[in-house]
Amino acid sequence: MPFLELQNLQKTYPDGTRAVRGIDLQVDKGEFIVLLGPSGCGKTTTLRMIAGLEDPTGGQITLDNQNVTHLPPSQRDIGFVFQFYALYPHMTVQKNIAFPLENIGTSPADIEAALNRVARALGVEALLDQYPRQLSGGDQQRVSLARAMVRTPDIYLMDEPLGTLDAEHRLELRAFIRRQQLSLSITAIYVTHDQEEAMSLADRIVVMDGGKIRQIGSPSEIYNHPADLFVANFVGSPGMNLLNGQLVQHGDSLTFTRPDSDIHIPIHANIAPMRSVLTQRHEDTKTQSSMASKQVVLGMRPEFIRPANRGIPGDVILSEYQGSHGYVHIDTPIGELVMRSTDRFAIGEKIHLHLNETHIRLFDPDTGTALA
Ligand code: ATP
């Protein structure tokens, strides 16, 4: 039995906006789930329904074996961390952190133990006697997290808790949250539109778009085996290279090509399951045999392309330097490709490219879904 289960969960706002269009998700105890997707895809609405702050217009939410779909927030044991969690300005850091426990009548000894634990974990021990106005933005958010984590609710819901921080503090707190997760095995649903954050924090990522789930999987499944073109493009910075072309069968082998080019990229796919998708039949005048083909989109991550002595010819059109590595844009006869590289290339330089065939992904251009 999953600890949290969403079944066909829906939310249509009174103005007719269909923010969440029927999502199904099962979360185990101790799992850290990240809802990832572009602005407006329904992440916050989903989180607020789990918290009880929005009433679902369809479907069911089960938490720890209890149907909580229409229960008020006070009847769910949930810790909510917002993007900006306002601290009480007239209270010291210590008072702010202890407040949620004092509120529920925890004994002074238990409060002190919990306060020490969380203050040490978040590195705010030296700030305990200060007031919020004396703290930097990063420290304020650290105290906010300490206040949320001083309790141990059944589940934490976090809505872009690092959204307002500068890059340095984001990285620092991200690492902290992950360490907490690994040491305490907290159950959490974390919302972000930052795919790097999602990849580094999540046990499983739920990619959302237009109020629906596109894919649920571990960061590596999502990155290496995107379920569709949306995920392939949205996850990764830059996203996957996506080339339109034809998958062609010659006897027992498959190649990717474009009608206007003589480049044939071997595809190492098991041909048996591919036969059903190779629906277009042609006569090959050279070999006098019949060929099958299908329009496809070929996907390839930039790090699986490398310069080679021979292969796909191309001209460097842009070189983006990013310190430890860079991204090189190359115009080739099969379309523009972006390669990750630690070498620098001059604009206009002529190079050849090798695509690592084991990392080629194929998608159906009509449905967008990945092919077997
Ligand atoms: P963001 O990352 O920008 O917060 P999100 O993925 O969290 O986006 P939601 O905030 O859940 O998305 O919004 C989903 C859709 O529902 C959007 O089109 C939004 O404009 C709409 N929406 C959100 N709240 C309301 C509301 N109270 N009334 C009407 N529409 C709403």
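Residues numbered from 1 in each chain as written. Predicted model: local features only at pLDDT ≥ 70, side-chain atom pairs only at ≥ 80, totals over all residues. Heavy atoms only, no water.

Here the focus is the sheet that holds strand β16 (residues 305-308). In space, the five strands of this open sheet follow the order β16-β20-β17-β18-β19, with antiparallel pairing throughout. Each of the sheet's edge strands pairs with one partner strand only, and the pair in question is β16 and β19 (335-341). Strand-to-strand twist of the sheet, defined as the mean angle between neighbouring strand axes without regard to direction, takes the value 50 degrees. (Pairing = 2+ DSSP bridges. Helix = DSSP H or I, 4+ residues; strand = E, 2+ residues; numbered from the N terminus. Axes fitted to C-alpha atoms, helices over the stretch in contact; angles between N-to-C directions.)

As a further point, take the domain arrangement of the chain. By the assigned domains, the chain splits into domain 1 (4-234) and domain 2 (241-363). Each of domain 1 and domain 2 was reduced to a C-alpha centroid, and the two centroids are 40 Å apart. With nine residues of domain 1 at the interface, the matching set in domain 2 holds six residues. Summing both partners gives a buried area of about 720 Å² for domain 1 against domain 2, and 57% of it is carried by carbon and sulfur. Taken together, the connections running from domain 1 to domain 2 amount to zero salt bridges. Scanning the region where domain 1 abuts domain 2 turns up three residue pairs in polar contact (both at pLDDT 80 or more). Secondary structure elements with two or more residues in the side of domain 1 that touches domain 2: α7 (219-224) and α8 (229-234). For the side of domain 1 that touches domain 2, the class distribution of residues is five nonpolar, three polar and one charged. (Domains from an automatic or database assignment. Contact = heavy atoms within 4.5 Å. Buried area = accessible area lost by both parts, 1.4 Å probe. Salt bridge = Lys/Arg side-chain N within 4 Å of Asp/Glu carboxyl O. Polar contact = N/O pair within 3.5 Å; in protein donor to acceptor, adjacent residues only side chain to side chain. Nonpolar A, V, L, I, M, F, W, Y, C, P; charged D, E, K, R; others polar.)

Take a nonpolar patch on the surface next. Judged by side-chain polarity, Ile-317, Leu-318 and Ile-347 come together as a nonpolar surface patch covering roughly 270 Å² of accessible area. Structurally, Leu-318 can be placed in strand β17 (residues 312-321). The partly exposed category is assigned to Leu-318, whose relative accessible area is 38%. (Patch = residues over 30% accessible without salt bridge, like charges linked within 9 Å, V, L, I, M, F, W, Y side chains within 5 Å. Areas by Shrake-Rupley, 256 points an atom, 1.4 Å probe, with all protein chains shown as cover. Buried < 20%, exposed > 50% of the residue type's maximum accessible area, 1.4 Å probe, protein only.)

Another aspect to go through is the site of the ligand. Taken together, Tyr-13, Asp-15, Thr-17, Ala-19, Pro-38, Ser-39, Gly-40, Cys-41, Gly-42, Lys-43, Thr-44 and Thr-45 form the complete shell of residues around the ligand. Contact distances for the ligand include 3.0 Å between an oxygen atom and a backbone N or O atom of Cys-41. At 2.9 Å from an oxygen atom of the ligand is found a side-chain nitrogen or oxygen belonging to Lys-43. At three residues, helix α1 (residues 43-51) tops the list of elements feeding residues into the shell around the ligand. Grouping the constituent residues of the shell around the ligand by class yields four nonpolar, six polar and two charged. (Near = heavy atom within 4 Å.)

Here we take up the environment of Leu-162. Following the sequence through the fold, Leu-162 ends up in the loop between β7 (155-159) and α5 (167-184). The exposure class of Leu-162 is buried, given its relative accessible area of 0%. When the C-alpha atoms of Leu-162 and Pro-89 are compared, they prove to be 20 Å apart, with 73 residues separating the residues in sequence. When sequence neighbours within four positions are dropped, the list of residues in contact with Leu-162 reads Arg-170, Leu-173, Arg-174, Ile-177, Tyr-190 and Glu-197.

What follows deals with α1. Summarising burial for α1: seven of the nine residues are buried, a large majority. Taken together, the buried positions of α1 are Lys-43, Thr-45, Thr-46, Leu-47, Met-49, Ile-50 and Ala-51.

A few words now on the packing of helix α4 (residues 137-149) against α5. For any two helices packed against each other, the geometry is given by the interaxial angle and the distance between the axes. Interaxial distance between α4 and α5 falls to 10 Å at its minimum, and their mutual angle equals 20 degrees. Regarding the angle of α4 to α5, the classification is roughly parallel. Once α4 is placed against α5, the crossing between them reads as right-handed. When α4 is examined against α5, the residues Gly-138, Gln-141, Arg-142, Leu-145 and Met-149 are found in contact with a partner set consisting of His-169, Glu-172, Leu-173, Phe-176, Ile-177 and Gln-180. The residue makeup of the contact of α4 with α5, split by class, is five nonpolar, four polar and two charged. (Parallel < 35°, antiparallel > 145°, perpendicular 65-115°, else oblique. Left-handed = near helix turned anticlockwise from the far one by under 90°.)

So, about unusual backbone geometry. Among all residues save glycine, negative phi is the norm, and among peptide bonds the norm is trans. Cis rather than trans, the peptide bond between Ser-237 and Pro-238 has omega equal to 0 degrees. Among the secondary structure elements, Pro-238 is positioned in the loop between α8 and β11 (241-250). Even without being glycine, Asp-64 reaches a positive phi, approximately 50 degrees. Within the secondary structure layout, Asp-64 lies in the loop between β4 (58-63) and β5 (66-67). Residues other than glycine seldom take positive phi values, yet Asn-65 does so here, at roughly 70 degrees.

Okay, the pattern of salt bridges next. Using the criterion set out here, one finds 15 salt bridges in the structure. Across the pair Arg-170 and Asp-194 runs a salt bridge whose closest N-O atoms are separated by 3.3 Å. Residue Arg-170 is found in helix α5, and its partner Asp-194 is found in the loop between β8 (188-192) and α6 (195-201); the two are separated by 24 residues along the sequence. When its relative accessible area of 18% is taken as the criterion, Arg-170 is described as buried. The structure contains a network of salt bridges with shared partners spanning Lys-11, Arg-48 and Glu-54.

Sheet topology places strand β1 (residues 4-12) next to β4; five bridges connect them, and they run antiparallel. Among the inter-strand pairings, Gln-7 is bridged to a residue of β4, identified as Gln-60. Between the antiparallel neighbours β1 and strand β2 (residues 18-27) lie five residues, among them Gly-16 with a positive phi of about 95 degrees.

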